[in-house]
Amino acid sequence: MSTITRDTQVFDLIKREHQRQLHGIELIASENFVSEQVMEATGSVLTNKYAEGLPGKRYYGGCEVVDELEQLAIDRLKELFGLTWANVQPHSGAQANTAVFLACLEPGDKILGFDLSHGGHLSHGSKVNISGKYFEPHFYGVEKETGLIDWDKVEQKALAEKPKMIICGASAYSRDWDYERLRNIADKIGAILLADISHPAGLIAKGLLNDPFDHCHIVTTTTHKTLRGTRGGVIMMRNDFDNPFGKKTMKGAIRSMSSLLDSGVFPGTQGGPLEHAIAGKAVAFGEALTDQYADYVKQVQKNANVMANEFVKLGYKVISGGTDNHLALIDLRPKGITGKLAENTLIKADITVNKNMVPFDEAKAMVTSGMRVGAAAMTTRGLKEDDFVRMVGLVDKVLTNNDNDAVIASVRGEINEWMKDYPLFQ
Ligand SMILES: *Cc1c(COP(=O)(O)O)cnc(C)c1O
């Protein structure tokens, strides 16, 4: 090993990325800054280990230690959300969802999800994703006037199409979900209800939003958004159940949903688990169990609320008029700018947002009429309500002067100076 020369090309790029994260304002709603111990666990010798299978049931030798580690991750996650079962192996949120589909559905089965162009996720039935290619997707959306989901309309759609699975959860919906109502609808047609809580998982863990676990059969989440862990996914259940579509074992017994989900992950859609990533998840779940983390997510919710209200005050059209969670979706059409222009202009001032389709958008996906902003990352960095007011002011200054390079440069200077007060990673 000692003969390997230092890869300066890669490490110079990592250094540059570190600097980029330090200097700027990060408003991408799906991003966060993990702790040093999460990074340490993720960058550990665990990357060397193969461990196909589950703790205690592996296809490889030498798994004594990773068995304990993966079990620790599972136990912490169970405690965090009050679960009886969890699988922490999915490499990502999309992988977690694909494993659920494989466990529950046959090719061609109908699924009903939240429309991607209204704030849903592409893994919930988009034509470009396996979920829309191998299954028959149907969608519900928000109302044009209110920006809210009308549960009666979801019920009508569900009764008309009779999907085998209803999927709730979103990437750009700022309001809470009526899981009880959705379960009621699912029960009328014998559908499985899947909640994908990738975005607000951390707020749900600490009771700041409705709890999906008593109502939804299966819950998936990413681990790297508000949950602030290693990039990855997990699948969870509060209560296991016999799969309702009669999938049997080779010996003819009805299989439990937990066993179907386990095999949906491995060998269904993945090979060996990333035990280094699972270690990072375990550390993050441990952090999420603390009171400090509860304070963090409360502050996220407060900051997001202030941020959304501040945009409204400055004349922006916030979809649904505000937020219950950590993010807001903003329709930029009244300001006469596209999402693409906003994203590209803000980055010149070291402010990162993502362009985003808004409900009933006529623009193309690479242009869009909106932008999505979230408070999770900058709250980790230590910013409070007043700081978010200042931040929105700077965003507005850049957007309203999007053809004025001198103004943009001065905002950038102000931000770089400001961010020196909020170091990341000592
Ligand atoms: C982010 C997200 C995912 C996908 O997670 P990846 O880790 O990027 O695959 C899935 N579902 C929802 C609702 C998301 O917001």
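Being a predicted model, the structure only gives us computed values, none of them experimental.

To continue, consider the site of the ligand. For the ligand, the set of nearby residues contains 13 residues, the closest of which are G93, A94, S171, D196 and K225. Within the backbone of G93, an N or O atom sits 2.9 Å from an oxygen atom of the ligand. Side-chain polar atom of S171 to an oxygen atom of the ligand: 2.8 Å apart, as the coordinates give it. For the ligand, whose unbound accessible area comes to 390 Å², protein coverage reaches 85%. When its residues are assigned to classes, the shell around the ligand shows two nonpolar, nine polar and two charged.

This part takes up the pairing of strand β8 (residues 192-196). The two faces of a sheet get side chains in turn, since along a regular strand they alternate between them. With five of five residues buried, β8 lies mostly within the body of the structure. Of the two faces of β8, the one lined by I192, L194 and D196 and the one lined by L193 and A195 are each fully buried. Looking at chain direction, strand β7 (residues 165-168) and β8 are connected through four bridges and run parallel. Paired with I167 across the two strands is L194, which belongs to β8. Following the backbone out of β7, through helix α7 (residues 179-189) and into the adjacent parallel β8, one traces a crossover that is right-handed. Where β8 lies against strand β9 (residues 218-222), three bridges are found, and the strand directions are parallel. Opposite L194, over in β9, you have I218 as the bridge partner.

Right, let's talk about the UniProt feature "binding site: (6S)-5,6,7,8-tetrahydrofolate" (unreviewed entry) in the protein chain for a bit. With numbering matched to this structure, UniProt assigns "binding site: (6S)-5,6,7,8-tetrahydrofolate" (unreviewed entry) to L116, G120, H121 and L122. By the secondary structure assignment, L116 is in the loop between β5 (110-114) and α5 (130-133). Excluding its chain neighbours within four sequence positions, the residues that come into contact with L116 are H121, L122 and S126. The residue H121 is located in the loop between β5 and α5 in this model. The class for H121 is partly exposed, based on a relative accessible area of 24%. Setting aside anything within four residues of it in sequence, one finds H121 in contact with F114, L116 and S171.

Summed over all chains, the structure comprises three cavities of 30 Å³ or more. Roughly 80 Å³ of internal volume is contained in the largest cavity. For the largest cavity, the full set of lining residues is G169, A170, Y173, W177, Y179, D196, I197, H199, P200 and N325. Its residues placed into classes, the lining of the largest cavity shows six nonpolar, three polar and one charged. Considered as a void within the structure, the second largest cavity measures approximately 50 Å³ in volume.

Conventions adopted
Residue indices begin from 1 for each chain and proceed along its sequence in written order. Selection of residues for local features in this predicted model requires a pLDDT of at least 70, selection of side-chain atom pairs for listing and counting requires 80 or more, and totals for whole chains, interfaces and linings are taken over all residues. Excluded from the side-chain calculation are hydrogens and water; included are all heavy atoms of the structure. When at least one non-hydrogen atom of a residue lies within 4 Å of a molecule or strand, that residue is treated as near it. The term polar contact refers here to a pair of N or O atoms within 3.5 Å; inside protein, the definition further demands a hydrogen-donor-capable atom paired with an acceptor-capable atom, and it admits residues adjacent in sequence only when both atoms are side-chain atoms. Note that accessible areas follow from Shrake-Rupley with a 1.4 Å probe, and for residues the cover is restricted to the protein chains shown. Residue classes follow a fixed rule: Ala, Val, Leu, Ile, Met, Phe, Trp, Tyr, Cys and Pro count as nonpolar, while Asp, Glu, Lys and Arg count as charged, and any other residue, Gly among them, counts as polar. Each residue is placed in one exposure class: buried if its accessible area under a 1.4 Å probe, protein chains only, is under 20% of its type's maximum, exposed if it is over 50%, and partly exposed if it falls in between. Here a strand is any run of E in DSSP of at least two residues, a helix any run of H or I of at least four, and the numbering for each starts at the N terminus. Two strands qualify as a pair provided that DSSP identifies no fewer than 2 bridges between them. Call a crossover right-handed when, viewed with both strands pointing away from you, the route from the first strand across the helix to the second goes clockwise. UniProt positions are given in the numbering used here, feature names are shortened, and annotations may be inferred rather than shown by experiment. Note on contacts: a residue pair is in contact if any heavy atoms of the two residues lie within 4.5 Å. Computed over the protein atoms alone on a 1 Å grid, cavities are sets of points where a 1.4 Å probe fits but cannot get out and pockets are open sets with protein on both sides within 12 Å along at least five of seven lines; a residue lines them when it has an atom within 4 Å of a point. Grid points are joined across faces, edges and corners, and a volume is the space filled by probe spheres set on the points.

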